[in-house]
Structure formats: structure tokens, C-alpha cells
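Close look at the chain arrangement
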Amino acid sequence: MGNPVNIIAGSHVWVEDQDIAWIDGQVINVKGDEVEVQISDEKTVVANLSKVYPKDEDTPDGGFDDMTKLSYLHEPGVLHNLSTRYLLNKIYTYSGGILIAINPFQRLPDLYDAHMMEQYKGAPLGKLNPHVFAIADVAFRAMRYEGKSNSILVSGESGAGKTETTKMLMQYLAYLGGRNGAEGRTVEQQVLESNPVLEAFGNAKTVRNNNSSRFGKFVELQFDKHGRISGAAIRTYLLERSRVCQISDPERNYHCFYLLCAAPQEEIEKYKLGHPNTFHYLNQSNCYELVGVNDAHDYLATRKAMDVVGISQNEQDAIFRVVAAILHLGNVTFTKGEDIDSSVLENDVSKFHLQTAAELLMCDPNALEDALLRRVMVTPEEVIKRSLDPDGALVSRDGLAKTIYSRLFDWLVDKINFSIGQDPNSKSLIGVLDIYGFESFKTNSFEQFCINFTNEKLQQHFNQHVFKTEQEEYIKEEIDWSYIEFVDNQDVLDLIEKKPGGIIALLDEACMFPKSTHETFSEKLYQTFKNHKRFIKPKLARTDFTISHYAGEVQYQSDQFLDKNKDYVVAEHQDLLTASQCPFVAALFPPLPEETTKSSNKSSKFSSIGSRFKQQLQQLMETLNSTEPHYIRCVKPNNNFQPTIFENASIMQQLRCGGVLEAIRISCSGYPTHKTFSEFLHRFGILAPEILEENNDEMVACKKIVDKLGLAGAQIGKTKLFLRSGQMADLDSQRAVKLSGAAKTIQAKFRSHNDLKHFVSVHRASVCIQSICRGVLASRFYNYLKRESASLKIQTNVRGHISRKGYSRLKYSVIVLQTGMRAMVAHNKYKYRKRSKSATVIQAHWRGHIAFSHYKKIRNATIVIECGWKGMIARRELRKLKMAARETGALQEAKDKLEKRVEDLTLRLKQERRLRADMEDAKCQEITKLKQFVKTLQNMVGETNGPLHEECEAYWTASEEESSITKETPSPFEDTEKIEVLTSQVEKLKDLLEFERKRSDDFQRKYVESLESEEAKRQKLEETERRVHQLQESLNSVLQDDIQHVWAIFGAQNDFMCLIQLNFNFGIRC
């Protein structure tokens, strides 16, 4: 990317920012090599001119779908374009023939449905929006019509969406050329259904991704002459074998180990398994489960996928027996033996796991123990068995586990390829490469070294392809490009793979010497490459080294390079597993050829993982070179796996690792800006308007403008104008100056016109305002005179009104006072009269009460006196009769009889009196109750009418005295009646003894009359009780009336009670 030129004040530029990589702003001032820029958030920064890049203000809101259309092809322009499109859910963007796919971390179903496939079928690249289907369609049409094989390289770091992109490619290729395969499944479906198996045994959790592929995969889809899929094959590269024995926290081992530990209980018991934390190969990390992942469910899904790809149940059982055996091998530990440099099993737990591993592998436990603890060395004289120390035994154990797992993974790949089937007659294919991206961690070991070596190879292939594409564009436009310089990364590749002095060759050499260590290997590297510009020795490091890759510097730790590079198979291990009673295990370790066995002499056959990987990589590059490549760069927008989050710094690093920025650098080394003639004239025609007025052809006009502006090195093709790096910025700066000058001229004319227009309008307005002001002043003076005259009249009327109002108020006050005084005098007179009348009424009632009380007393006293006098007379007469009776003896007998009768009558009279007394007691009780009730009423009205209460008390006192007198005084009427009866009887006895019978009848008559009188009295008593009940009801109703009405009724009730009393007394007398 060339440095920008002609940055002037007012230019919009991009400036480096520590947080978001790049930030836009506007230049305020330029001082030499420094520019002062006001950024978007109104802050000002000062930056070096070489680190400031121009910003294209004419970029559309949705960005460009192809970044070759950018006016300025540099890092901030590319980043801004990708960010703009990503926030609009446009996850695909072209960079020439390269597709950049940003993982949206969300489902976009409308982007991959059948309708979308139909749209992209046969559509030219670039006609529709960028899409993975477009790349697949271009590859298929090139293969179908040109007869040439194609390949699609999908790369990116872990979590960028490589696997999903591969699935989309397979889905679209199946849509274009799919055919029915065995058992009703298409070939591409079988390839996709093999993914769960390969993911279970080849994927693991890493720091960046929960399902990271730890191997490279190249899927070949084979087509027949009719363009139909006829076969497929899967090639795998560099399985990370060391992960079987060594993992770091918080990563996990391969998924299959955890799936087996989560299997159904009968299988766990069958393989004698437990929780993952009980196995050494799994408990080196504290991560045993993944969020949102059910290992038990995935285990069943993996078994189902094995059924789909044609793995039988016996083979599945054998596979998981081998996996369980590897876990048990990891728990076998060693300790020092009795002999020097010897070792034995540490404890019973190790013996149990060794025995279990031997049972699962179906081999002899003693032979397995011997293979782990000893080595056989054959010399011309004798065969020597050498014991291993505990560390050597652990290395032997881990080597056996890695070898078994590697052979198992290779067998699975071969089985899947055999199940899918290949077409030997196929003449063309489309390969999809899903391979790991460039890796740079805090700790980088042998795996990262091989991965980055692969990416260096692919980057060289990518650079050559991009350069070739640029060349084709230049040839198509017929421009001179012979002087364009292409920068290659061959020096890095030579540093790694060159023989005999490359890093891999030195590593193989160190592995062949038993006494070599990582320190000696590192020292050898330091001495060999001390002057190499791509090799750096870090300070304060004894075993680390740094390589300057195309994506940046990576520091490697060589501590385990030697152990991880060794790929030899120990002869004892080979013999042990070849002799296994399990056919599956024996098939994993077929017998070696006889000549190989003889040459080995029972020693270990050494092979290098680095050398083998280099050979595989060379085969892959040969395959890719024989095909037409297409590139898809997958990008992870953030490390939180959240949608709509675009982390600039992380994406810039991925673009740099993916070679996108390197492709841009290659483009910038030639002609980074390609403009059609019409676009160029539309944008820069203002720099030479006289040329546009000549009505020349577009090509001629562009050539004249280029000549006029002195753009050295610019090329004019058949349809486009090609500009060198920095020339676009020069043109934009000149265009900005031109536009600025034109804008100033337009502003000056416009401002002068506005000022003149403003002056004329102000002049007219001032004249109008003056006339209006004078009229307003005259009107105000006239209004002043008018108000002065009116004010005099108003004052006169107001003063008169005030005087009249004061007189009226005074008169009204006097009348009110007089009325009040007269009313007060009249009211006092009325009150006096009312009080006098009330006093007169009270006096009259009181005097009447006193007279009535005196009358009752005299009447009662008279009755008492009469009764006493009549009794005295009767007693006198009785004495006379008694004396007369003594004189006559004859009358004595009659007297006795009469006395007996009198006694009987007296007894009956006493009974009647007793009955009357009981009746009087009941009446008194009822009267007492009435008195209490009346007293309650008196208490209620006592507070409002004190004098009346006193009168009532006096009345009740008099009534009680009268009642007591009535009770105490015996009835004179009764005594008189007796005397008269006795007298009459005595006289009759004296005079008319003969008429005894008549007298008896008369007595009987009187007795009947007495009974009738008692019956009448009883009836009167019942009537009295009825009236008392009525009185009680009346008193209850009195509570609801006002006080005066109550007392009125109360007076009536008193009169009624008096009447009842009189009637009762009268009845007694009768």
C-alpha cells in the first residue's frame, strides 16, 4: 500500500487508533511530516504523514460488494467497507476473485434456501451479490465447460465458520450435479454425514473454539462427463497426535474420549470406564463438559453416523474398545525398579489399568508390560534386552497411545472413503480444502509450526494466483506491465523446508541422535540461521526462536519439538498389536515386509512427522496446482461469538493472516486503482473542463487528462484506466483544490448577491418603517390629547360618584343602626312578655299541683278518720252484743255456731286479703319498673329542663306517700260490712230464731255476692295490667318525640296513673 500524497487541510483521512485500529477524521493543519487531524468524536490528534491514509467520501452507504472498486485500496478502506456491509448482514464481500466470509454468529436461512440457489445457478461472477454459491457456481461451470479440475480453498482461524462454509459449498454442488448413490443417499450426503464421525475423532475444544478441527481436510468431488457427481474422497493432513497425551487448561482432548465416558451404563461397565477426571489423558485440564453440549446425546449421534457411513456394529465396538484401551493406558504409571535404569509398575492401580488395556486390545498382559518396560537390541554377537527407566517407560506408553490413535483415525478415513466410493474413470473434480488458518498463541509448539508452514505454502500459492489474476487483467486490457515487481515468500519456505539446511531437516537430524536435546537443537538453529533475515533469536531465551511469517512474527518454544517429531513405531509395539486376538486391532498394525524387518534388526524404525507432513503438503500443492483455485477467506468478527459485534483489531489480524492484505499489497505494487473511462471522466473531468467540451471519445479524453495532469506511470487499457499507487490521492487532492476554489467563487458571488439583496430590502424596509413610525407618533399625540380631555370628564364624574356613594353609605349605616336598635328593644319586650307568660303558667300549674296535693291529703285523712270512727262504733256494738249474749245461755250455742261460721268467713276473708296483697305486690313491682323507666327518661331530659324535673320529683314523692298511705290504711268499708253483718245476725238471732233457715239463705246470698265482687276485682286488675302495658308502649314511643311533646304526654300519663289509682282504691272500697 503506497503512502498517501498531497494531504491538505480539509481532507478526510484515516488515522491509526490504539483501540479500534483505524478512525476517520478531517485534517486541520499540515506541518511538514506531521498532520493535525480532528477525529469523529471531536478530539484532535497529531500523526505522521506516512501513517495517514485518505478516506473516500463517495463510498455508498452499503459499501462496495467488490473491494477492487474502492478508490483507495488500503487497510482502513478495506476494514471500513467490511464493517459497513457486516452491520447490514451482508457477510460476503469480493476482493477480486477472493470471497471474504464473515461469520454472522446467527442463522440467516433466507441466504441459503432453494430460491437463492436457483438465482445463482449460471449467473456470472459479480452480477449478483457476493455469495459462497457464486464461487461454487464459477468452479462448477469452469469444470463443466472447460474440462479442467477446480479447487476451492476455505481457510480461516478456529471459529470463523470454515466447516459451515464447506457444508454450503457441498450443498450447492449437490444441487448442480448431485445424483442418487447407494442406499438412496447421494455421494455428497454421505460426505456430509461423515462429518460427525470425523469431528468426534478429529475435533477438540481449544482456547478459541469449542469444536476446533485438529486436522486438515481436502474433499474431492468427482464428476462424470455429464457433470454428475460420480464419487468422492476425503484426504486428511496432520492430525494433532500429541493432543492424545498432552492437553493444557482449559482445552479438552478429542471429543470421542468424553463421548465414551458419557455412554450408556452397560457400555461403561463393559469398558470399565468412569468420569473423565479419573483418567490421566483427560484430567490434565479442568474442562470436562461444554456449555450447551450433551455428550451422551452426541455419543448416540456418532454411533448413528457410523451406521450411515457403513461401519458395522462389530467394527464400532472394536473402535470404542481401542479408545477405552488408550484411556486405560494413560493411567499406567511407573517407578524405579531394583536394577539401575529399570522400572516397574508403580502400584495395583497401574496393574489394573494395564490388565484392562490388555483385555480390550486382546493381547497378552505380560507382553504388553514387557513392551512398555524393555527394548530389544540385536548385535552380531547376541540379542540384548535393555530396561527403560520410568521416564523412558512413560515415553514408550505415550508413543504407543499416539500410534494406536493415529492408526485408528487413518482407518476411519479409509473406511469412509471406501463407503462413499470413488470413480476411477472421472476426468475432472472439484476439491474443497478445509484447513486450519494461521495460528499465533502465547505458547506455540510443533503443531503451530507445521500449521503456519502449511499457510506459508498456501499463501505462496495464493500470491501467485493473485499475481496471475492481475496479469490476466493487464493482458486483457493490453497495458505494459513488464516492470511490475512481485515479492514472494520463498525465503521463509526455504528457511523451513530446504534440504539439507532447513529447520525440518535439522529437526530430523537431531531426532536421529539419541543424545540430542531441545537445547542442542535450538543452539544448532541459532548457529545456522544467525544471519537469516526471517529468523530471529529472542532475547533472554535459550530454546525459543522466532520466524517472521507473512502474517507477522511468531515465537516458537522448541521444548517438545523432538518428541513430537518422532513418528517411529517401536518393533515391540508392532509385534504386540500384530499378534492381537482382535482382528480389528491386528488390522491396524499389519505385518511389516520381510526385508524391512530384517533391516531393522528388532530396532525402532525411525520416521519423521515433519518430513511426512512435508510430503503430504507437497502432494496437496501438486493437486492444487493441477486445478483452478478459488479462495474463500473466513473471518471471525469477535471472540465472544456474538452477532453484530465487529472487532477491528482482531479482523485486521485475520485479514493479514488470511493473505487478504498481502493480496492488496500485490495489487498496490502494480495498479491498485482500476477506473472505467466513464467513471474517471465523471469524477475528474472538472480538472480539465476544456477537454470535455471538445466532445472527444472517452478514451481520448482520459488520455488527454492524464497527459495534462502529468500522471507518470498511468496506463490506459481498452476499457479501463489503471493508476499507480498514490495517484488516486493526487487526483483527489487536485479535485478537492478545484472544488474548493469553485466553491469559494460560488460563495463569493452568492454572498455579494445576498448582501445587495439584503441592502435593498433593508432600505425599503427603513422607508416604510419611518412612515409607519411618524404615523404612530402622530396617532399617539392625538390619543394623548383625547385621553387628557377624557380624563377631566372622568375625574368629575368619579368625584361626584364618590361623594354620592359616601352619602349613600352613611345613610344606609344610620338606617341599619336604627333598625337594629328598634329590633333589639322589641326583642327584649317580647322576651320579657314570654318569660312572664311562662312564669304565670308555671305558677298556675304549681299552685294547682299544691292544691290538688292538699286535697288528696285531706281526702285521705277523712277516709282514715271515717274508717276509725266506724270501727270504734262497731266494736262498741260488738261489746254490747257480747254482753247480751252472756245473759242468754240458750243463745250461747247459736253464738258458737255463728262464731265458727264467722271464723270460717274470716279465714276466707284473710285468704282473699292475702290474694289481694299479692296482687298489690305485683302491681307495685310493675309501678316500680315504670318509675325506673320514667326516671331514665327524666335523666335524659333533666339536663334541658331542670325545673320540670324538680316538679316531677315532687309529684312522684307525693304519689309514693299516697301509695304508702293507701297500703298502710286498712279498708274501713270491709270492717263496717262485717259489723253490719254481725249486728244483723245478732238481731235476727234475738228476734227471729225461727227464721234460721232464711238467715242461712241470706248468708249464702251474701257469700255469692262476695265471690262476684272478687271476680270483678280480678277483672279490674287485668284491665289495669293491660293499661299499664299500653302505658309502657306509649313511654317507648315518647323517646322518638321532642322534649316538650314528651312532657306533654308524660303529664297525660300522670293523670292516667292517678285515675288508675283512684279507680283501684274505689274498687277496693266497693
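Look up: the structure comes first, before these words.
This section reports on the structure supplied with the text. (Residues numbered from 1 in each chain as written. Predicted model: local features only at pLDDT ≥ 70, side-chain atom pairs only at ≥ 80, totals over all residues. Heavy atoms only, no water.)

**As for the packing of helix 6 (residues 195–202) against helix 13 (residues 390–420)**
As a reminder, the rule being used: Note on definitions: angles span 0 to 180 degrees between N-to-C directions of axes, and those axes are lines fitted to C-alpha atoms, for helices only across the stretch in contact. Counting from the N terminus, the helices are DSSP H or I runs at least four residues long and the strands are E runs at least two residues long. Roughly parallel means an angle under 35 degrees; roughly antiparallel means over 145; roughly perpendicular covers 65 to 115; every other angle is labelled oblique. Any two residues whose heavy atoms approach within 4.5 Å are treated as being in contact. All amino acids are sorted into three groups, where Ala, Val, Leu, Ile, Met, Phe, Trp, Tyr, Cys and Pro are nonpolar, Asp, Glu, Lys and Arg are charged, and the leftover types, Gly among them, are polar.
One way to put it is that helix 6 packs onto helix 13 with a least axis distance of 11 Å and a crossing angle of 170 degrees. Of the possible angle classes, the one that applies to helix 6 and helix 13 is roughly antiparallel. Touching Val197, Leu198, Phe201 and Gly202 of helix 6 are Tyr405, Leu408, Phe409, Leu412, Val413 and Ile416, all from helix 13. Grouping the amino acids of the contact of helix 6 with helix 13 by side-chain chemistry returns nine nonpolar, one polar and no charged.

**Some points on helix 27 (residues 698–709)**
Quick note on the threshold: To estimate the expected span of a helix, subtract one from its residue number and multiply by 1.5 Å. Whether a residue is buried, partly exposed or exposed follows from its accessible area with a 1.4 Å probe, protein chains only, as a fraction of its type maximum: under 20%, in between, or over 50%, in that order. The directions from the helix axis to the C-beta atoms are what the arc is built from. Definition of a polar contact: a pair of N or O atoms within 3.5 Å, with one able to donate and the other able to accept a hydrogen when the atoms are protein atoms, and with sequence-neighbouring residues admitted only if both atoms are side-chain atoms.
With twelve residues, helix 27 should reach 16 Å at 1.5 Å per residue; the first-to-last C-alpha distance of 16 Å fits that figure. Of the positions making up helix 27, those classed as buried are Ala701, Cys702, Ile705, Val706 and Leu709. Seen along its axis, helix 27 keeps its buried residues to an arc of 135 degrees; they face one direction. A distance of 3.2 Å separates the backbone nitrogen of Met699 from a side-chain oxygen at the start of helix 27, and that oxygen is part of Asp697. Trailing helix 27 by a residue or two, Gly710 shows a phi angle of about 70 degrees, which is positive.

**Examining the environment of Ile435**
Within the secondary structure, Ile435 sits in strand 17 (residues 428–436). Its relative accessible area of 2% is what places Ile435 among the buried residues. Along the backbone, Ile435 and Lys217 are 218 residues apart, and their C-alpha atoms lie at a distance of 6.0 Å. Leave out the neighbours within four places in its chain, and Ile435 touches Val154, Ser155, Gly156, Lys162, Gly216, Thr454 and Leu458.

**Remarks on the nonpolar core**
Rules: Residues belong to a common nonpolar core when they are buried Ala, Val, Leu, Ile, Met, Phe, Trp, Tyr or Cys residues joined through side-chain atoms within 4.5 Å.
Ranked by size, the top nonpolar core spans 132 residues in total, and within it Phe201, Phe257, Leu368, Ile632 and Leu655 carry the most contacts. With near-sequence residues (within four places) excluded, Leu655 lies in contact with Val78, Leu82, Ile100, Val635, Val660 and Leu661. In this structure, Leu153, Phe218, Tyr550 and Leu624 belong to the second largest nonpolar core, which totals 48 residues.

**A few points about the packing of aromatic side chains**
The geometry of two aromatic rings is summed up by the distance between their centres and the angle between their planes. How we decide: For Phe, Tyr and Trp, where Trp contributes only its six-membered ring, two rings pair if their centres lie within 6.5 Å, and the inter-plane angle classes them as stacked under 30 degrees, edge-to-face over 60, or tilted in between. Should the NZ of a Lys or the CZ of an Arg lie within 6 Å of a ring centre and within 35 degrees of the ring normal, that charge is described as sitting over the ring.
Throughout the structure, instances matching the rule amount to 26 aromatic pairs. The structure contains a cluster of three or more aromatic residues connected by ring pairs, namely Phe446, Phe449, Phe521, Tyr526, Phe529, Phe535, Phe545, Tyr556 and Phe561. The ring of Tyr526 has Lys537 lying over it, and the distance from NZ or CZ to the ring centre is 4.7 Å. One residue, Arg633, lies across the ring of Phe462, its end atom 4.6 Å from the ring centre.

**Re the pattern of salt bridges**
As a reminder, the rule being used: A pair is scored as a salt bridge if a Lys or Arg side-chain nitrogen falls within 4 Å of a carboxyl oxygen belonging to Asp or Glu.
Under the definition given, this model contains 23 salt bridges. Between Glu240 and Arg243 there is a salt bridge; the shortest N-O distance is 3.4 Å. Where Glu690 meets Lys708, a salt bridge forms, and the shortest distance between an N and an O atom there is 2.3 Å. In this pair, Glu690 sits in helix 26 (residues 689–692) while Lys708 sits in helix 27, placing the two residues 18 residues apart along the sequence. Given the relative accessible area of 35%, Glu690 is considered partly exposed.

**Let's talk about the sheet that holds strand 7 (residues 98–102)**
Worth spelling out the cut-off: Here, a strand pair is defined by DSSP locating no fewer than two bridges between the strands.
Strand order across the open sheet formed by seven strands is 6-7-21-8-17-11-12, with mixed pairing between neighbours. Unpaired on one side and paired on the other, strand 6 (92–95) and strand 12 (229–237) mark the two borders of the sheet. Strand-to-strand twist in this sheet, taken as the mean axis angle between neighbours without regard to direction, amounts to 20 degrees. Judged from the five bridges that link them, strand 7 and strand 21 (residues 628–635) form a sheet pairing that is parallel. Its bridge partner lying in strand 21, Ile98 is registered against Tyr631.

**What about the packing of helix 11 (residues 348–361) against helix 12 (residues 365–373)?**
For clarity, the threshold we go by: Each helix crossing is assigned a hand: it is left-handed if the near helix lies turned anticlockwise from the far helix by less than a right angle, otherwise right-handed if that turn is clockwise.
At a minimum axis distance of 9 Å, the contact between helix 11 and helix 12 shows a crossing angle of 115 degrees. In terms of orientation, helix 11 lies roughly perpendicular with respect to helix 12. In the packing of helix 11 onto helix 12, the handedness of the crossing is right-handed. Counted together, Leu354, Gln355, Ala357 and Ala358 of helix 11 and Pro365, Leu368, Glu369 and Leu372 of helix 12 form the full contact between these two elements. Here the residues of the contact of helix 11 with helix 12 sort into six nonpolar, one polar and one charged.

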